[in-house]
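Here is how the chains run, residue by residue.
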Amino acid sequence: MDTLTPATPHPGPGWQRRYWAVFGGQALSLIGSALTQFVLLWWITDTTGSVAALSTAGMAALLPQALLGPLGGTLADRYSRRVIMIVADTVSAACMLVLIVLFATDQVQLWHVYVMMFVRSCMQAFQAPASAASTAMLVPPEFLDRAAGLNQTLMGIMTIAAAPLGALAISVMPLGAALSIDVVTALLGLVPLLIYRIPQIRTPREERRSVWAEFREGVDTVWQHPGLRRLYLLLALVVLTIMPTFTLTPLLVKAHFGGGAAQVALMEGLSGVGMIAGGVLAVALAPKNRIVTMLLALAVSCGTLALTALAPAQTFWLGVVWWVVSGLSFSFGNAPMTALLQSGVPNQLQGRVLSLLSTVMGLAGPLGLAIAGPLGQAIGVRGLFVVGGTLSAVVCMLGLFSPTLRGLGRAPQGSPAVPRLSSEP
């Protein structure tokens, strides 16, 4: 069957209060984490001035989440997602407390920061799929598109706020005190999880299999569904070709436009504004044809990245305009994709299916960067933007010609009943 069927029931009366409390708490926690991530990266930059040190920090912060994502998704479908989120947030806050003590006693070393970033990334591998799958149980099906748009808006706010708030924090307080912001926001994020229960559809205990078998079930869910298989392949190709452009943006600004750090900050900040606008637009419009909206919006996002590099060197403002359009269209296209998976994949499988997508994209990015190295030597950074953006846009447009992809989200006649809803004890 090529279509996805409705996966979750209505959450019942009072869902608005429960959803907004949990969303607000998690939003504060994410903003605090993004702020302190900037603080730590700046400390590494200021202390070492080493590209290798920053690269190591980036790997410690990203790779564990990509590799452990499938396990996190499997456990999120098997056990209480609410408890997983509480434990993950608590461990992350404890890591930050350790760093605060080390900075306060002047005993911190570079490897301490790497280890704590590694542990926090591991916790994110468990927290993220639990949170994403919980959203579908907190809102009615007709609100899923708007919930996804709100998440995209939050990502835009984080893009804008993390650097200036982090810079402000370390300018007015000791570094250890700046890191304490993350602890406070994490505690604020925990409060709603301690107050509200999150409904969850779970496989009855007597029907459970081993963790490995349940992980394979998640893989099979994607692989045996033609529409999902093609969607994951398409997104992997897009990330593989487009990821180098995000990493090499500072080099494009310096080498082509002759700008500096201020111009890079301007581009990234305004891109966050575009992401917020795209998220708000997704909330307001809640597009019905999710897959076509996603493909068209991502094609525009990738195409405008190529146009950014094609802007003449003396028209930096034009490059910024294209960059903002790219952020807006990406945010607008990503929201219906998330809603599509949350509404169409059975909720007891969503942790695994969503985490597999994160892992596929997380591993495609480094592969794209490995390819971009030697290719960039041949065609230059501007050429990488043009080639990567164009190829990604073409991949998205080709997806429109796939009946299997276009069929995703079309509920068939006589859809099977939604699985039994059970609240966690």
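Report on the accompanying structure. (Residues numbered from 1 in each chain as written. Predicted model: local features only at pLDDT ≥ 70, side-chain atom pairs only at ≥ 80, totals over all residues. Heavy atoms only, no water.)

Digging into the packing of helix α1 (residues 15-48) against helix α6 (residues 175-195)
- Close contact between α1 and α6 brings their axes to 8 Å; oriented N to C, the two are set at 160 degrees. Considering the angle they form, α1 stands roughly antiparallel to α6. Crossing angle aside, the handedness with which α1 passes α6 is left-handed.
- For the contact of α1 with α6, the residue count by class is 15 nonpolar, eight polar and one charged. (Axes fitted to C-alpha atoms, helices over the stretch in contact; angles between N-to-C directions. Helix = DSSP H or I, 4+ residues; strand = E, 2+ residues; numbered from the N terminus. Parallel < 35°, antiparallel > 145°, perpendicular 65-115°, else oblique. Left-handed = near helix turned anticlockwise from the far one by under 90°. Nonpolar A, V, L, I, M, F, W, Y, C, P; charged D, E, K, R; others polar.)

Re the environment of Thr56
- Examined against the element boundaries, Thr56 turns out to sit in helix α2 (residues 51-78).
- Between the C-alpha atom of Thr56 and that of Tyr114, which follows or precedes it by 58 residues, the distance is 7.7 Å.

A short note on helix α3 (residues 81-104)
- Look at α3: 35 Å from first C-alpha to last across 24 residues, which is about the 34 Å you get at 1.5 Å a residue.
- Positive backbone phi, at 60 degrees, marks Asp106, one or two positions downstream of α3. (Expected span 1.5 Å × (residues − 1).)

Structural notes on the packing of aromatic side chains
- If you walk through the whole model with that rule in mind, you get eight aromatic pairs.
- Where Trp20 meets Phe23, the ring centres are 5.9 Å apart and the plane angle is 90 degrees; that geometry is what we call edge-to-face. A residue pair is termed a helical-turn pair when its members lie 3 or 4 positions apart in one helix, as Trp20 and Phe23 do in helix α1 at three residues.
- Given the relative accessible area of 42%, Trp20 is considered partly exposed.
- Given a relative accessible area of 17%, Phe23 falls into the buried group.
- Aromatic side chains Trp43 and Phe103 sit 5.3 Å apart centroid to centroid with 90 degrees between the ring planes, which places their arrangement in the edge-to-face category. Taken together, the residues span a long stretch of sequence, with Trp43 in helix α1 and Phe103 in helix α3 at a distance of 60 residues. Of the two residues, Trp43 and Phe103, both sit in the buried class. (Phe/Tyr/Trp six-rings, centres within 6.5 Å; stacked < 30°, edge-to-face > 60°. Buried < 20%, exposed > 50% of the residue type's maximum accessible area, 1.4 Å probe, protein only.)

Topic: the state of the cysteines
- Tallied over the full model, the rule gives zero disulfides.
- Its sulfur unpaired, Cys302 is 4.7 Å from the next cysteine sulfur, which belongs to Cys396.
- The class for Cys302 is buried, based on a relative accessible area of 5%. (Disulfide = S-S within 2.5 Å.)

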